[in-house]
Structures are given as structure tokens and as C-alpha cells.
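Each chain, written out:
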Protein chains: 2
Amino acid sequence: MKKIINNVDDMVLEMCKGMVKAHPDKLVLSKKYKIIKRKNLNQNKVSLISGGGSGHEPAHAGFVGTGMLDAAVCGDVFASPSTIQVYNSIIETQSKKGTLLIIKNYSGDCMNFDGAAEMALEDDDIKVEKVYVNDDVAVKDSLYTVGRRGVAGTVLIHKIAGAAAEQGMNLLEVKDAALEAIANVRTIGFAFTSCTVPAKGTPTFVLGEDEMEFGVGIHGEPGIAREKIVSSDELADKMLTRIIEDLKCESGDEIALLVNGFGATPLQELYILNGSANKILEDKNIKVYRTLIGNYMTAIDMAGASISVLKLNDKLKGLLDFPTDTPALKF
Amino acid sequence: MKKIINNVDDMVLEMCKGMVKAHPDKLVLSKKYKIIKRKNLNQNKVSLISGGGSGHEPAHAGFVGTGMLDAAVCGDVFASPSTIQVYNSIIETQSKKGTLLIIKNYSGDCMNFDGAAEMALEDDDIKVEKVYVNDDVAVKDSLYTVGRRGVAGTVLIHKIAGAAAEQGMNLLEVKDAALEAIANVRTIGFAFTSCTVPAKGTPTFVLGEDEMEFGVGIHGEPGIAREKIVSSDELADKMLTRIIEDLKCESGDEIALLVNGFGATPLQELYILNGSANKILEDKNIKVYRTLIGNYMTAIDMAGASISVLKLNDKLKGLLDFPTDTPALKF
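This is a predicted model, so every value here is computed, not measured.

A. Local environment of the sheet that holds strand 3 (residues 47–54) of chain A. Residues and elements named next belong to chain A. Here we have six strands laid out as an open sheet, ordered 1-2-4-3-5-6, and mixed in their pairing. Of all strands in the sheet, those bounded by a partner on one side alone are strand 1 (27–30) and strand 6 (128–133). Put simply, the sheet's adjacent strands are angled 25 degrees from each other on average, direction ignored. The pairing of strand 3 with strand 4 (residues 71–77) spans five bridges and is parallel. The residue of strand 4 that forms the bridge with Gly52 is Cys74.

Here you go:
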């Protein structure tokens, strides 16, 4: 295993420290519970918390800041943060308007975030609402989920809910905005290589020289099929066909497009994939209103990418365009 | 070779198209000469042009926009753009105040950018000044250079010169600001894996399971030594020791720190490296005024990273802090 690392046991905490050192104007670290929070919390807006296993950087702590999250809770690599960690993030960021938890739909995350919300309500009388992101069209149930997995589309939910909260909406309004975005976002990915979980030290799976895992999850979980590699144009077509069918996108629709790298795939290739995606969308008269491209929701050092589509209406467009200022997304 | 690609011959043009599609509010593509320009050029400021071989994305086209470059000229992968390409970028972005070329110190780039500047002066009477970035402390001369190579520090030169131009300085003032930054920036990198140049299809070099190339160039050129991998703390120490000695950094100095990934190294590891670097700098009482962290100057799909240090004074701090709005850097 070749990684920039000191030791496996301390790596998540060291990563958190290095991240906060890079963005001292925006972030603070609550070390004991590995919570990365906004430097300047606002008690008069709904608090937004997300998080999950580490290994998806910049998700989720990279999206802490004005117009997006108030805190991200960092679990071990590919392992949910504990109930106590999440509970403390609720306590440390509580506001007069309540808290919304944005949870990727994995069984471990659901259990621990749900438990924390219950604890905060019972012990501290804090109003906590929850939404579950399940954007991955690849598989119905999976190794770690009942229902679809929550993957890169989660970043767009942070953006939409974050804008709603920043605009002063109340807890149920922010939750409604998040649910509306969740209902309209879909993602699918593929892997050219496996990731290597540091604690294991060897690749999670092995692919042949000319093979890819189509529909892979963001922890290297199996997807739909192990297939021969195809061209960028064919890849984009395979991916968008599934997404568009599932989302019931039609000619004239406007979308946000997220072309997301899994960690080891260079921007060069993501740009080529974006070009391929645009040709297909133009053919179908689906208009790309805004594009995000780069490493947003990674799978440690996996080579591969995902495409997410968020179908927009005027309300979602307004929230998408609202300014944000976080380490990993600013506009 | 596993890449998201249609075919090797068209990949740079396809990449340019996919990039401009992702950022239609900021960028336009001049297809014939593979020049990516600002959408809204300003004839009343000094024009700034950079570029070089492709494969370093987001450099350089990702830094085209307000507060940084006016155009980036895209050569083939790891090959300088031609004199005619650079000449046309000068013509297409000419301003009333003249043009500054920011050139990474590689023999091919120097020859072609120099030739283009001469052509623009002789044929079109356009004032063109040039600066050469040579920030790599690893080697004195190299495979492709007389003198030190120009690497990730170039991004900081784009930022400093871009701010000077945006503030309305004249051509010689902008050049002076760039030269002052060049005199104060140093970089060193290491590779854990080779990159794979698409036209070749196989890795440029091979490293053992426990080896790294210390001092590697951004095209996979040899560095100082092939060594055993060390911890993040030791890596940061080896890198910063060379930089600080060369820059004559002292207790009390303020710096900008650029922790740059080479393409296949995830942000997770860059954050750990940043934490290690900060511990060393704190010990030496060198203050990090601003940090950039992520993939800024890549080597296609190489795993590895570089650290750049820009020693600051009040003038450089002011220029560094000036707002910028480009696809790859915004603040």
C-alpha cells in the first residue's frame, strides 16, 4: 500500500487536523468527536449536519460553510460515525430553528444518525428532522443498504438544503427543499480500479486489464455488471440512459450535472466524459443549467467516476444558484 | 491503459470542449489553435497568457478568468503548443496595455513562446513581455530544461500576476510583480507511481512496491533519488527542508503554501501531508498566511504530490488576496 500516511489508527484525526489547518478562516475541529464545524455558527438558521465514513473527501467536511453544512461528522474510513459522535454534533451546532440531518442511505449511517436524533430530542429537547439520500440507480438493495445507496448526489442535497437554511426557512421548509431535491436526483458510477482501504492495505476487489465495474458503489461495492471497458461516449450513454429513464427526463427539461471523480481519475478524463455527456444531452434537448466537475464524493483512491443529474424547477434553480462559500464549493 | 477517452488523437480537443461546456459562463474555446480564453476579455488591462503541454489539468486553462489568466494555450499531452498556437493566443487576446507570457521553464515551451512573442512584435506591433517560472528545487538542469523546471509554483505566479493586471498595472509593473513572485517561490515533489501518457499507453517508469521517486518532475522525469517510501511526517520534512534552505526562510516569515496532488492522489492524503507540513512550519515559526490544497498542477494520473512555498511580503500578500474567479480557483 502506497499512501501519504503516518499510521492507520490516527489517520482520520490527522486528516481532519490537516483540513482545518488548510481552511482556518472557515472550519474548526472538535477533536474528541471528529466533528468539523463552521467557524462562525449562526443560531438563527436551521443547522444542517451530514457526515458518514471517511474516505469520500472532500465530502462531507469540504462542504461545511456558508450556504451549505454547519457540521460534518467524520467516521473511520468507510465506517459510520457513532451515535455519540452524531449526537455531539447536534449539541455543538444547535440553533433556535432546529437541526436537519442529511444521511446517505446506508444501514450503519441510518442507525447511528437516527439514534442521535432521538437522544437529542429526549435528553435535550432539540428538534431534529432527517432526510435520507438514495440517488444511486445502479442497484435496488445492496450489501449495506435496504433500498438504493446514497452517493454523489448527496452533495447537491447539501447545496439545496444549505441555501434554504441560509435564506431563513424554517425546519420543515428546509426539509421539504431537501426532499424535493432528493426526489429529483439520480447517480450512477463505474470503477476502473478498486480502492485500497488503509486498514486492509490491499485492494478491495480486482479487475482485469480491460474490465470495469459498472454501477459500483462509493465503497467499492459491486455494481450491475463487470464489463469490458468502453469509450467515453459509450460510457456516458450507458450512464445517462439509466439516469434519464429513471428520472423521466424529457426534452426541454433543465438539469444540474455533476461529473464526479472517485479519487484517482484526473480532471482531464472527467472533462472528456463531460463532453460526451453534453453531446447526448444536447441530442435529447435536455439543457444543462449548471455543471459541477471534479472530485466531490470520492472512494479513497479508486479510479472511476459517476454522473449525477438533478432535474430542476424554478425553486431548485434559485436554491442551486444561491451563493456558497465552502472549501470544496464556492459560487 | 484504462482511461476515460474516445481516441488518443482527438483527446486534447475533446478535453477542451468538455471543459468549456462545464464553464460556459467563464470560458470560450478557439478550436483551431486549442486556445481557451476568458469569455469577457478586457482590452484595458494587460493580457496574461500561459499554457504548455496538456496533462496538467486544471493547469492552465482552469486558471483562466477574472484575476488570473486571459488565455491558456493547450499543447498535446506533455508537448509544448506550437509557435503558431501561442502567436494566435496573443492576437486573440491583445489589449491596449500589451501582453505578458508566463512560461514554465522547459526548452520546448521557451522556444515556442519566445518565437510567438517575436512574431507578434514584428508582424503586429504588439508589445509582449515574458517571464519564466523555475520553481523546482529538485534538480539544477534536467532532461528537458536548462536550469530548474517550472512546476506547481506556476499557479501562484498566475495568481500574483493576474491580480496585478486586474488592478490596472502597466505591462512592466505586472512583469515585475511576476518576477518578484518567481524569485520567492520554490517547489519539490515526489511520485508513488508513474503516469501513463495516452499515446504511449504504458507507464513512463516503474517503481517497486515500497519505492518513490523523490524530486520527480511533472512529466515523470527523474528526480533526486529513488528511495524507500517514508511516513507523511518524514516526507513533509524532507520536502520542506530543501525548500526552506533554498528560499532562506526564517523564523517570523509568512508564506503561502500549495499542497498539490499529481492526479491520482486523493485529497485525504493531501490533508494528512498538510498536517505534517504545518507541524514543521510551526516548529520553525514560519507562518502559513494562506493554503491552497488539491489538484492544481497534475501529471496526468501520477500518484504523488508536491509542496510549494511562496515567501510573502506586503505587496505579494495584497496581490495573493485579490479576488479571483476561475474554474479551478476562486476567492
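B. Fine view of the interface of chain B and chain A. The interface is formed by 53 residues belonging to chain B together with 53 residues belonging to chain A. Interface area, chain B with chain A, both sides summed: about 4300 Å², of which 59% is carbon and sulfur. Of all residues in chain B, Lys2, Ile4 and Gln268 of chain B bury the most surface against chain A, accounting for 22% of the area lost on that side. The tally of links from chain B across to chain A stands at two salt bridges. With its nearest N and O atoms 2.6 Å apart, the salt bridge here joins Glu282 of chain B to Lys21 of chain A.

C. Region of the structure containing the pairing of strand 11 (residues 287–294) of chain B. Residues and elements named next belong to chain B. Where strand 10 (residues 254–261) and strand 11 come together, seven bridges link them in parallel fashion. Along strand 11, the bridge assignment pairs Ile255 with Val288. Handedness of the β-α-β unit built from strand 10, helix 7 (residues 267–283) and strand 11 comes out right-handed.

D. Representation of the pattern of salt bridges in the model. All chains considered together, the criterion is met by 46 salt bridges over all chains. For the salt bridge of Lys26 of chain B with Asp25 of chain B, the shortest nitrogen-to-oxygen distance reads 3.4 Å. Across the pair Glu254 of chain B and Lys287 of chain B runs a salt bridge whose closest N-O atoms are separated by 3.5 Å. Here Glu254 of chain B, found in strand 10, pairs with Lys287 of chain B, found in strand 11; they are 33 residues apart in sequence, far enough to count as distant. Judged by relative accessible area, which is 48%, Lys287 of chain B ranks as partly exposed. Put simply, Asp25, Lys26, Asp325 and Lys330 of chain A are held in one network by salt bridges that share partners.

E. Molecular detail of the domain arrangement of chain A. Residue and element names in this part refer to chain A. Looking at chain A, the domain boundaries give domain 1 (10–183) and domain 2 (185–321). Centre-to-centre separation of domain 1 and domain 2, based on C-alpha positions: 23 Å. Contacts between the two partners involve 40 residues from domain 1, matched on the other side by 38 residues from domain 2. If you sort the residues of domain 1 by the area they bury against domain 2, Phe78, Val137 and Leu156 come out on top, with a joint share of 20%. In this structure, the connection of domain 1 to domain 2 is made through two salt bridges. Note that Asp246 and Arg148 form a salt bridge whose closest N and O atoms lie 2.7 Å from each other.

F. Local environment of unusual backbone geometry. Across the junction of Glu57 of chain A and Pro58 of chain A, the peptide omega takes the value 15 degrees, indicating a cis bond. Structurally, the position occupied by Pro58 of chain A is in the loop between strand 3 and strand 4. Unlike most non-glycine residues, Ile300 of chain A shows phi in positive territory, near 55 degrees. You will see that Lys248 of chain B, though not glycine, has its phi angle at about 55 degrees, which is positive. On the basis of relative accessible area, Lys248 of chain B is assigned to the exposed category, the value being 60%.

G. Local environment of the packing of aromatic side chains. Applying the stated criterion to the full structure yields four aromatic pairs over all chains. Centre to centre, the rings of Phe190 of chain A and Phe192 of chain A are 5.1 Å apart; their planes meet at 55 degrees, and the pair counts as tilted. Take Phe190 of chain A and Phe192 of chain A: they sit in the same class, and that class is buried. The ring of Phe331 of chain B is capped by Arg290 of chain B, whose NZ or CZ atom sits 3.8 Å from the centre of that ring.

H. A look at the UniProt feature "domain: DhaK" (unreviewed entry) in chain A. Sites flagged by UniProt as "domain: DhaK" (unreviewed entry) map to residues 7–329 of chain A. Counting secondary structure, residues 7–329 of chain A comes out at 33% helix and 23% strand; the distance between its end C-alpha atoms is 29 Å.

I. Region of interest: the environment of Leu235 of chain B. Tracing the chain through its elements places Leu235 of chain B in helix 6 (residues 232–247). In sequence terms Leu235 of chain B and Leu273 of chain B are 38 residues apart; their C-alpha atoms lie 8.0 Å from each other. When residues no more than four places from it in sequence are discounted, the contact partners of Leu235 of chain B are Ile4 of chain A together with Phe190, Phe192, Met212, Val230 and Leu273 of chain B.

J. Up close: helix 2 (residues 83–92) of chain A. All names here are of chain A. Of all 10 residues in helix 2, seven are buried; the element is thus mostly enclosed. Among all positions of helix 2, only Thr83, Gln85, Val86, Tyr87, Asn88, Ser89 and Ile90 are buried. As for helix 2, its buried residues are in contact with strand 2 (35–38), strand 3, strand 4, strand 5 (99–104), helix 3 (107–124) and strand 6.

K. Quick look at the relation of the copies chain B and chain A. Superposing chain B onto chain A requires a rotation of 180 degrees together with a translation of 0.0 Å along the rotation axis, leaving an RMSD of 0.0 Å. Taken together, the rotation angle and the small translation identify this as a two-fold axis. Across chain B, the rotation axis passes nearest the C-alpha of Ala264 of chain B, at a separation of 1.8 Å. Comparing interface residues between copies, 100% of those in chain B also lie at the interface in chain A; the contact surface is shared.

L. Fine view of the packing of helix 4 (residues 153–166) of chain B against helix 8 (residues 314–321) of chain B. Residues and elements named next belong to chain B. Interhelical geometry of helix 4 versus helix 8 gives an angle of 90 degrees and a closest axis separation of 8 Å. Taken together, helix 4 and helix 8 sit at an angle that is classed as roughly perpendicular. Facing Leu156, Lys159, Ile160, Ala163 and Ala164 of helix 4, the residues of helix 8 in contact are Leu316, Leu319 and Leu320.

M. Summary view of the side chain of Lys26 of chain B. Residues and elements named next belong to chain B. Mapped onto the elements of the fold, Lys26 is located in the loop between helix 1 (11–22) and strand 1 (27–30). A residue is classified by how much of its surface remains accessible, and Lys26, at 18% relative accessible area, is buried. Side chain to side chain, Lys26 and Asp25 meet in a polar contact 3.4 Å long. Excluding anything up to four places from it in sequence, Lys26 contacts Lys37, Arg38, Lys39, Asp325, Thr326 and Pro327.

N. Geometry of the sheet that holds strand 1 of chain B. Residues and elements named next belong to chain B. If you trace the six strands from one edge of the open sheet to the other, you get 1-2-4-3-5-6, paired in mixed fashion. Each edge of the sheet is formed by a strand with only one pairing partner; in this case those strands are strand 1 and strand 6 (128–133). Averaged over all adjacent pairs, the angle separating strand axes in this sheet is 25 degrees, with direction ignored. In terms of strand pairing, strand 2 (residues 35–38) meets strand 4 (residues 71–77) through three bridges, oriented antiparallel. Among the inter-strand pairings, Lys37 is bridged to a residue of strand 4, identified as Ala71. The sheet strands contacting helix 1 are strand 1, strand 2, strand 3 (47–54) and strand 4, and the helix crosses strand 1 at an angle near 155 degrees. Across the sheet, helix 4 touches strand 2, strand 3, strand 5 (99–104) and strand 6, and the angle it forms with strand 5 is around 170 degrees.

Definitions and limits used
- Residues numbered from 1 in each chain as written.
- Chains lettered and ligands numbered in written order.
- Predicted model: local features only at pLDDT ≥ 70, side-chain atom pairs only at ≥ 80, totals over all residues.
- Heavy atoms only, no water.
- Pairing = 2+ DSSP bridges.
- Helix = DSSP H or I, 4+ residues; strand = E, 2+ residues; numbered from the N terminus.
- Axes fitted to C-alpha atoms, helices over the stretch in contact; angles between N-to-C directions.
- Contact = heavy atoms within 4.5 Å.
- Buried area = accessible area lost by both parts, 1.4 Å probe.
- Salt bridge = Lys/Arg side-chain N within 4 Å of Asp/Glu carboxyl O.
- Right-handed = clockwise from strand over helix to strand, strands pointing away.
- Buried < 20%, exposed > 50% of the residue type's maximum accessible area, 1.4 Å probe, protein only.
- Domains from an automatic or database assignment.
- Phe/Tyr/Trp six-rings, centres within 6.5 Å; stacked < 30°, edge-to-face > 60°.
- Lys NZ or Arg CZ within 6 Å of the ring centre and 35° of its normal.
- UniProt positions renumbered as here; feature names shortened; annotations may be inferred.
- Least-squares fit on C-alpha atoms with pLDDT ≥ 70 in both.
- Parallel < 35°, antiparallel > 145°, perpendicular 65-115°, else oblique.
- Polar contact = N/O pair within 3.5 Å; in protein donor to acceptor, adjacent residues only side chain to side chain.

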